[in-house]
Amino acid sequence: MSDTCTALGGMVVAPHHLAAQAGRNVLREGGNAIEAMVAAAATIAVVYPHMTSIGGDGFWLIHTPGQAPMAIDASGFAAERATPQRYQGFSAIPSRGPDAALTVAGTVGGWSKALTIAHQTWGGPRLALTRLLRDAMRHARDGIVVTSSQAALTQSKLEELKGVHGFAETFLTDAKPPACGQILRQPVLGETLQTLAERGLDDFYRGSLAARMGAELERIGSPICASDLAAYEAQSVAPLAVRLANCTVYNLPPPTQGLASLMILGIYERLGIAEGEGFAHVHGLVEATKRAFRVRNRMVTDPRRVPGDPSDYLTAGALDALASEIDMCQALPWPESAAPGDTIWMGAIDREGRAVSFIQSLYWEFGSGVVLRDTGITWQNRGISFALDPADLNALEPGRKPFHTLNPALAMFDDGRIMPYGTMGGEGQPQTQAAVFTRYARYG
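Residues numbered from 1 in each chain as written. Predicted model: local features only at pLDDT ≥ 70, side-chain atom pairs only at ≥ 80, totals over all residues. Heavy atoms only, no water.

Visitor: I would appreciate a short explanation of the sheet that holds strand β14 (residues 409-413) in the present structure.
Guide: Sheets are built from strands paired through backbone hydrogen bonds, the pairs being either parallel or antiparallel. Reading across the sheet, the 4 strands line up as β8-β9-β14-β15 and stay open at both edges, with antiparallel pairing between neighbours. The open sheet has two edge strands, β8 (240-243) and β15 (418-421), and neither has a second partner. Pairs of neighbouring strands in the sheet enclose a mean axial angle of 20°, with direction left out of account. Relative to β14, strand β9 (residues 247-251) runs antiparallel, the two being bridged by 4 bridges. Following the sheet pairing, T248 is matched in β14 by M412. Running at roughly 155° to β15, helix α16 (residues 429-442) makes contact with β9, β14 and β15 of the sheet. (Pairing = 2+ DSSP bridges. Helix = DSSP H or I, 4+ residues; strand = E, 2+ residues; numbered from the N terminus. Axes fitted to C-alpha atoms, helices over the stretch in contact; angles between N-to-C directions. Contact = heavy atoms within 4.5 Å.)

Visitor: What is the right way to read unusual backbone geometry from this model?
Guide: Outside of glycine, negative phi angles account for most residues, and trans bonds account for most peptide bonds. The omega torsion across P254 and P255 is 20°, close enough to zero to call that bond cis. Tracing the chain through its elements places P255 in the loop between β9 and α13 (258-269). Even without being a glycine, D174 presents a positive backbone phi close to 55°. With respect to the element layout, D174 can be found in the loop between α8 (167-171) and β6 (183-184). With a relative accessible area of 72%, D174 lands in the exposed category. A positive phi is found at F366, a non-glycine position, where the angle reads about 65°. (Buried < 20%, exposed > 50% of the residue type's maximum accessible area, 1.4 Å probe, protein only.)

Visitor: When you look at the side chain of T64 in this model, what are you seeing that I'm missing?
Guide: Structurally, T64 can be placed in the loop between β3 (57-63) and β4 (70-74). Residue T64 is classed as buried on the basis of its relative accessible area, which comes to 9%. Among residues more than four places away in sequence, those in contact with T64 are M70, T121 and W122.

Visitor: Could you clarify how one ought to interpret helix α15 (residues 316-324) in this entry?
Guide: Every α-helical turn comprises 3.6 residues, leaving residues that sit three or four positions apart pointing alike. For α15, the complete set of buried residues consists of A318, L319, L322 and A323. All buried residues of α15 lie within an arc of 130° about the axis, which places them on one face of the element. Next to the buried residues of α15 lie β8, α13 and α14 (279-299). (Arc of directions from axis to C-beta.)

Visitor: Looking at this structure, how should I read the packing of helix α1 (residues 17-28) against helix α2 (residues 33-47)?
Guide: When two helices pack together, their arrangement is given by the angle between their axes and by how far apart the axes lie. In contact at an axis separation of 8 Å, α1 and α2 are set at 155° when each is read in the N-to-C sense. As summarised for this structure, α1 and α2 are arranged roughly antiparallel, according to the angle between their axes. For the element pair α1 and α2, the recorded crossing hand is right-handed. Each of L18, A19, A22, G23, V26 and L27 in α1 lies in contact with α2, whose residues at this interface are A33, E35, A36, A39, A40, T43, I44 and V47. Looking at the contact of α1 with α2 residue by residue, the classes come out as 11 nonpolar, 2 polar and 1 charged. (Parallel < 35°, antiparallel > 145°, perpendicular 65-115°, else oblique. Left-handed = near helix turned anticlockwise from the far one by under 90°. Nonpolar A, V, L, I, M, F, W, Y, C, P; charged D, E, K, R; others polar.)

Visitor: Looking at this structure, how should I read the packing of aromatic side chains?
Guide: Any aromatic ring pair is given by two values, namely how distant the centres are and how the planes are angled relative to each other. Across all of its chains, the model carries 13 aromatic pairs by this definition. Summarising the aromatic geometry, the rings of Y363 and W364 are spaced 6.4 Å apart at their centres and angled 40° between planes, so their arrangement reads as tilted. On the basis of relative accessibility, which here comes to 6%, the residue Y363 falls in the buried class. The buried category is assigned to W364, whose relative accessible area is 19%. (Phe/Tyr/Trp six-rings, centres within 6.5 Å; stacked < 30°, edge-to-face > 60°.)

Visitor: Honestly, the pairing of β3 in this entry has me stumped. Any pointers?
Guide: The side chains of a regular strand alternate, residue by residue, between the two faces of the sheet. For β3, the tally of buried residues reaches 7 of 7 residues, placing the bulk of the element in the interior. Alternating positions in β3 separate into two faces, D57, F59, L61 and H63 on one and G58, W60 and I62 on the other, with burial throughout. Across 7 bridges, β3 lies against strand β11 (residues 355-363) in antiparallel orientation. Directly across from W60, in β11, lies its bridge partner F358.

Read these as spatial facts, not as claims about activity.
The structure is reproduced here in structure tokens:
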């Protein structure tokens, strides 16, 4: 479910109406698509706290008319003390609690990197950071109306979360999940956003906030400390691309599964399916997904450890070969189990035609469940994607980035249309993206 808000010559879409409105209002005041997205990203972290937080990661695709898209990897790495030895005796990294909070939160660094790109590339008047974070601060202090999804997920995850540091006092009422429609206030998070607005986003990594977050994380038993935060910076990266019949589609490189999303579209197009919504459409997408996921599972990892060039799998020859394997009357057996996870996707386009496709996530609902009492920040559990087997492609090691389900997409059509798109849904993202894209771009 998403909400869309339009301004004169612009649009913002988000899974919560208050985030969409925050971005729209920035566009109305002359802000650009990146500034609108920062406002929406800060707001969604407050009003949709079961799915996203400033204690999570993010990825950006940024389009400037007449130029190839730019990408930002705002994902965090494993802390220096997040060693395999630390998790000896575990069959896997714990999914909740301080041991699950083992990677640096990168999304705020991504906001900073994106704003720098906007100011250096797009120029023009800049809206103050205090303005961009204003709606988020207000909602944190005045309170939000608990959504049905937040109420339901708090109830369903209660047993595994209620004892985690900071969770109960932040998200429960008298030790019980809030009801849909109840008002939830997050005053400490509001103060944290105020600090970022006044002192700058870098305070999250190398300022007073970083010192407080690092001290509390260390105190409760997380491997993260202030020096890990200080070492972090979001990165500008070259996006991956696949050429289709009337457009080029872009997505993020590893550690995201953007490669799989693009491969599905490239393989599917070669099947020559003329109509949507029928058996051939669904079967073709499912079979293309299986081929793409087999490549993904042996290729996608920390960018410094990828065993080859992901672009090699997006060439016409590679996609032709994979498409030729598909039997339109027979399903390929699929023994793999799906990994859980959820997130939010948001998009923005401004009056100059500049566009953003953006994802920000905690990984599982409420992430690690850890809420830092000094700052009100819920910390992600993205690091549980690491394996404790040293021979695994995604083996845990300090400084490495884990596998990411997050992958915002953007299509540039030959006739000038620009389509930022994406979805929530963990491992299901590439499949849903393919359904969205083919329904619109191929079957009207």
